[in-house]
Amino acid sequence: MNLISQELDGVSVISVVGLRIDAACAIQFKDRFRELAPENKDRVILDLDGVDFVDSSGLGAIVGI
């Protein structure tokens, strides 16, 4: 799982590249998101288009960020 950040029309979009956000990668997901998320933005779009599965740990990580 990897995350890619891009700017589209003044909005930060962070895309998840990977099929799953689960217990095996939830901490890595949170840490990487925090690295990429701009501190001066009120809104960030999390693009989960390529994600097929999120378990309870993954959902907790998403809510936590």
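Scroll up to find the structure this text is about.
Residues numbered from 1 in each chain as written. Predicted model: local features only at pLDDT ≥ 70, side-chain atom pairs only at ≥ 80, totals over all residues. Heavy atoms only, no water.

Let's shift gears to the overall build of the protein. A count of helical and extended segments in the protein gives 2 helices and 5 strands. For 65 residues, the compact-globule estimate of 2.2 N^0.38 gives 11 Å, and the protein sits close to it at 11 Å. Projected onto the principal axes, the alpha-carbon positions of the protein cover approximately 30 × 20 × 15 Å. Within the protein, the fraction of its 65 residues that count as buried is 26%. Across the protein, contacts joining residues at least 24 apart in sequence account for 65% of those joining residues at least 6 apart. Accessible area of the protein: about 4300 Å², with a carbon and sulfur share of 49%. (Helix = DSSP H or I, 4+ residues; strand = E, 2+ residues; numbered from the N terminus. Rg over C-alpha atoms; globule rule 2.2 N^0.38 Å. Buried < 20%, exposed > 50% of the residue type's maximum accessible area, 1.4 Å probe, protein only. Contact = heavy atoms within 4.5 Å. Areas by Shrake-Rupley, 256 points an atom, 1.4 Å probe, with all protein chains shown as cover.)

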